[in-house]
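# Structural description and commentary
Residue-level listing of the chains:
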Amino acid sequence: MAKAKRSVGLIFFPAFDWCITPDHPEREERLLYTRDQIMEEGLLDIAGIYEYRPYVAEDKPIQRVHICVPSVARRVSEPHRIAVGGSMLAADLVLDNKVDCAFALLRPPGHHANRVVHGARGFCTVNNEAIMVEHMRRRLGPSIRVAIVDTDAHHADGTQDIFYNDPGILHISLHQDGRTLYPGTGFVTERGGPAAYGNTINVPLPPGTGDEGILYVMENLVMPILEEWKPDYIINAAGQDNHYSDPLTNMNFSAGGYARLTEMLRPDIVVLEGGYSIEGALPYVNVGIILALAGLDCSSLREPDWKPDCLRQPQHVMPIVKNVVSEVRRQWETRHQVKREDVFGRGTNYVRDRSIFYDTDQIVEKQHERIKLCNDCSGWREIYSQAAGGRIGHTQVAIVTVPWLACRNCRREAVEAYERLQTLGRFDQVFYQDCERDEYLCAPDHHEPGAL
Amino acid sequence: MRVIGIDVGGTNTDAALISDEGIVLAMVKTPTDHDDILCSVRTALEEIIASHKGPFPMELHLSTTLPTNAIVEGEGDPAAVVAIPGPGMNLLDYDFGFPVYSVKGYVDHRGRVASDIDPDEVLSAARQAWNDGARALAIVGKFSQRNNSLELAAKQVVEQAGLKFSQITLGHQLSGRHGFPRRIMTAYLNARVAGIQQEFAAVIERLMSENPIIAGVRILKADGGTMGLAESCVRPIETILSGPAASLTASLALSRRTEANTVVVDIGGTTTDIAVIAGGEPVCQRGGAVIGGFNTLVRALYTVSIGLGGDSEVRIHDSGVVLGPRRVGKAAALGGAEATPTDAAVALGLAELGQRDKAIAALKKKAAGAFASWESLAQAIIEAFVLRLCTAVDEVYRTLENVPVYTVSEILAPPDIRPRAVIGLGAPAGVFIPLAAEQLGLPWEILPYHAGANGIGAAAARPTVSLSVHVDTEQEQMIIPELGLRKQIKQALFDQKQARRAAVEHTLAYAQGLGLEECSEIQIVEEEAFNVVRGFHTVGRIFNIRAQMRPGARRVR
């Protein structure tokens, strides 16, 4: 019988009874053909590949990352909790040394979900990887270093938002250039907040980039950076929409390319993100990822319609890719030479005003964020968030967050702010999030109608 | 009709005769002659017939171990596989351990032919197999359960070339389930043992002509059901592991419990087998039977075997007792050398067997230095036995309850399979089952006839028939791999109800075609329905349905 060279924990949860709407790309049969292909290839019979059943996540792990307005219960459905639970289980399997690596092959996806959640955007409500990483940190302590490499064709703006000022996380997103694709962000200039400058790395790629271009980025940028940064864990947010057959994007990557990428990256945990060529790409890409994780030969893996032409990039692509790589490399190498005030100003706070559109739920959020520029920790944060549209009506909330390893001053100021904001009467709710103490408060607490 | 059930076991051949009303009329036990299994069957049959009064016709139910033994012992016709893998996992990585010749051609997951076979290549692969010594052949394609045309075309190439393989098994005929490597192994084993089963069938037919009182013969399957003799020659692989299945069928036949969920515990001398009945039906293996290290697609009952029995070795460890998994031989009470769990029961007066004083003496010897008295050791042995059994039962349920599921509703509201009663079989059951049941907080029942239950199980077994129906309305196709059926359908006319009806009708027709007059209810056991969407428009539906004749056993008193 076949035997894996590295053991793989597979949390496969296709959620065959969940969809956004029946003809939405995020619909019931998204992983149907993937299931058929995995079963037909006999991957679950391979010694060293083990399948696990996900569990339903409770509120707390979600609150470690998200501020769900008005409450976790209201925003996060059971399918989302299962995807979250499955991702956390993937991490637990690796942390407990039950397997060498794990693949949370599940939906709904999560990488467009920001810290503040008023609804769904980019098909995502809560961020599976981010909740998983926070769960790992809860288990192992704040000193662990985690690298997230997001290989979805869409910029991982949600994950970037959550870890933007987090020095413990390195977030690398490879994606189709934001000028040509949702969500329209992810430029090389987005490099992280004042406490984590340089830890956010964006690699926007021109439409048409194929195996040659993406593997060039892996070899000449991603792998050297990882080697230097030395993460304790590497997580791959594995979107599969760089595939040449994907209906929503314009890239040229193949299943074989994804397998090769996985072999190079050797991630500890892989979490599925997007990818909507459900018949032509996902079955083959997912089999490729599983084989690559298990250390098995992927060279006979090919899409049925694959021809050498499928992989040919337009001529102009490679020079652009090489330019992006050299620019991002330069930025990486000089990140410590950049003066903080040159980027974040000379004030006592770093302030960011944004308008965030929730395309899936048709909500517009206006956000004012203020992070204390602190020399002793990464700084406490205050967010005013006003959202309207969709089915939520209008809401205005304030949020206070305390980072891991917060200094005494920052925690004190944050606690005071939480008290003060409640007295203002301007906000429907005020939230307090303290990861280190695992304390998540909300005033007034939201109660479901009919509940006590 | 009266039924004779014969189970050829490893040690004994059990036979039982039951009447129309399900009353046990006769039971026979003869030692199994491994060099001549047929002789064992004949002896048991003749003894039963001799005890059988009157001119009543009888049906013979046979659990044969011939294919099982051939697989485990590496016998049968030398066989090889011509595989049509297409792109995917490297075929070499499967490490099959038998000759597999790979040829071009590919069917995708929707059953579309992505590339055809090359007849010349198929022929040279088959020739190569023949020249390498293969005399039976299996032809297996990836996704052939979705489209069998490449397998059929390849078979035609081999036959037209005049290659005289004794048997050509096609992968799609064996199962509608996914699993290319399992299909390869199943088809390979099937091809290998087909000759043995055919020979066996010929002998049985002769036996029937010698004994006109035998009106029909049915062969037991791994799922506890039966099939016809002719069918068993086409799919002999289905007969594997029918012995253990017969024991569970016996418990279904003999139990008086009315609970739909029960745990069946068969305590033997060396091992204890745990099986699960949920919703009135035995639970099957998730992937299929495993035999001789081969993973197959054969539908088989789920049983967990633990190394714990009446003759288990007793070891004293840190003033506690550890039992099994080794067997030490018969109980001291029966003249054995060492104290066993059976001796503990006999010594404490929980069971009457052999000489109690010998049991006590053996326990005294074992207790020396570690236990204050033989009584306290005996008590500790009984407790350890019960604890081990309860832990194993608990683990069985935890495993089943953690089987991955693919829908939100199954995660949120999993089906309740927890047992409501314990059913015990086997000689030591009377001692240990009541104690274990008490610890599990469940009522219990000890089945009678523990000495020859497998014969009763064979007699009580009913036919099982199950088909997988795959409907793809976008491609306007309905496929039933087990029947080799690919039928054009009209999309506009086909909905889920229609698909369900087609599944039931085909299963019924198939059962009737096999000569099953008393067809019990046809039920849908698995069902999936999906939209096929192209560019934000639904262009078709996919239905996957599995229908079966409701399995079960005849009631026996």
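For the structure, check the block above.
Scope of this entry: the structure provided in the associated data block. (Residues numbered from 1 in each chain as written. Chains lettered and ligands numbered in written order. Predicted model: local features only at pLDDT ≥ 70, side-chain atom pairs only at ≥ 80, totals over all residues. Heavy atoms only, no water.)

### Notes on the overall build of chain A
Tallying secondary structure elements over chain A gives twelve helices and 16 strands in all. Taking 452 residues into account, the globule formula puts the C-alpha radius of gyration at 22 Å, and chain A, at 21 Å, falls close to it. A principal-axis box enclosing the C-alpha atoms of chain A has dimensions of 65 × 55 × 40 Å. In chain A, which comprises 452 residues, the share counted as buried stands at 65%. When contacts within chain A are restricted to residue pairs at least 6 apart in sequence, those whose partners lie at least 24 apart make up 72%. Carbon together with sulfur atoms contributes 48% to the accessible area of chain A, which is approximately 15,900 Å² in total. (Helix = DSSP H or I, 4+ residues; strand = E, 2+ residues; numbered from the N terminus. Rg over C-alpha atoms; globule rule 2.2 N^0.38 Å. Buried < 20%, exposed > 50% of the residue type's maximum accessible area, 1.4 Å probe, protein only. Contact = heavy atoms within 4.5 Å. Areas by Shrake-Rupley, 256 points an atom, 1.4 Å probe, with all protein chains shown as cover.)

### Quick notes on the nonpolar core
Among the nonpolar cores identified, the biggest contains 130 residues, and Ile-172 and Leu-226 of chain A together with Leu-137 of chain B are the most heavily contacted of them. Broken down by element, the residue count for this core peaks at ten residues, all from helix 7 (residues 211-229) of chain A. Dropping the residues within four chain positions of it, Ile-172 of chain A is found in contact with Ile-148, Val-149, Asp-150, Ile-201, Val-203, Val-222, Ile-225 and Leu-226 of chain A. Within the second largest apolar cluster, 51 residues are counted, among which are Val-276, Leu-363, Ala-378 and Ala-437 of chain B. (Core = buried A, V, L, I, M, F, W, Y, C linked by side-chain atoms within 4.5 Å.)

### So, the environment of Pro-481 of chain B
Residue and element names in this part refer to chain B. On the secondary structure map, Pro-481 appears in the loop between strand 24 (477-480) and strand 25 (485-488). A relative accessible area of 4% places Pro-481 in the buried class. Measuring from C-alpha to C-alpha, the distance between Pro-481 and Val-122 comes to 22 Å, with 359 residues separating the pair along the chain. Beyond its immediate stretch of four places on either side in the chain, Pro-481 contacts Gln-145, His-172, Gln-173, Ser-175, Gly-176 and Ser-468.

### Quick notes on the sheet that holds strand 24 of chain B
Residue and element names in this part refer to chain B. Spatial strand order, 25-24-23-27-26: five strands in an open sheet with antiparallel pairing. Both outer strands of the open sheet, strand 25 and strand 26 (522-534), are each paired with one neighbouring strand and no more. When the angles between neighbouring strand axes are averaged without regard to direction, this sheet yields 15 degrees. As defined by bridge partners, strand 23 (residues 466-472) adjoins strand 24 across three bridges and the pair is classed as antiparallel. Following the sheet pairing, Asp-472 is matched in strand 24 by Gln-477. Each of strand 23, strand 24, strand 25, strand 26 and strand 27 (537-549) touches helix 15 (residues 496-513); the most contacted strand, strand 27, lies at about 30 degrees to it. (Pairing = 2+ DSSP bridges. Axes fitted to C-alpha atoms, helices over the stretch in contact; angles between N-to-C directions.)

### Section: the packing of helix 11 (residues 374-401) of chain B against helix 13 (residues 429-440) of chain B
Residue and element names in this part refer to chain B. Contact pair helix 11 / helix 13: the axes reach a minimum separation of 9 Å and the direction vectors enclose 60 degrees. By the angle class used here, helix 11 and helix 13 are oblique. Considering only the axes of helix 11 and helix 13, their crossing is right-handed. Across the interface between the two elements, Ile-382, Phe-385, Val-386, Leu-387, Leu-389, Cys-390 and Val-393 from helix 11 touch Val-431, Phe-432, Ile-433, Leu-435, Ala-436, Gln-439 and Leu-440 from helix 13. Residues of the contact of helix 11 with helix 13, tallied by class, amount to 13 nonpolar, one polar and no charged. (Parallel < 35°, antiparallel > 145°, perpendicular 65-115°, else oblique. Left-handed = near helix turned anticlockwise from the far one by under 90°. Nonpolar A, V, L, I, M, F, W, Y, C, P; charged D, E, K, R; others polar.)

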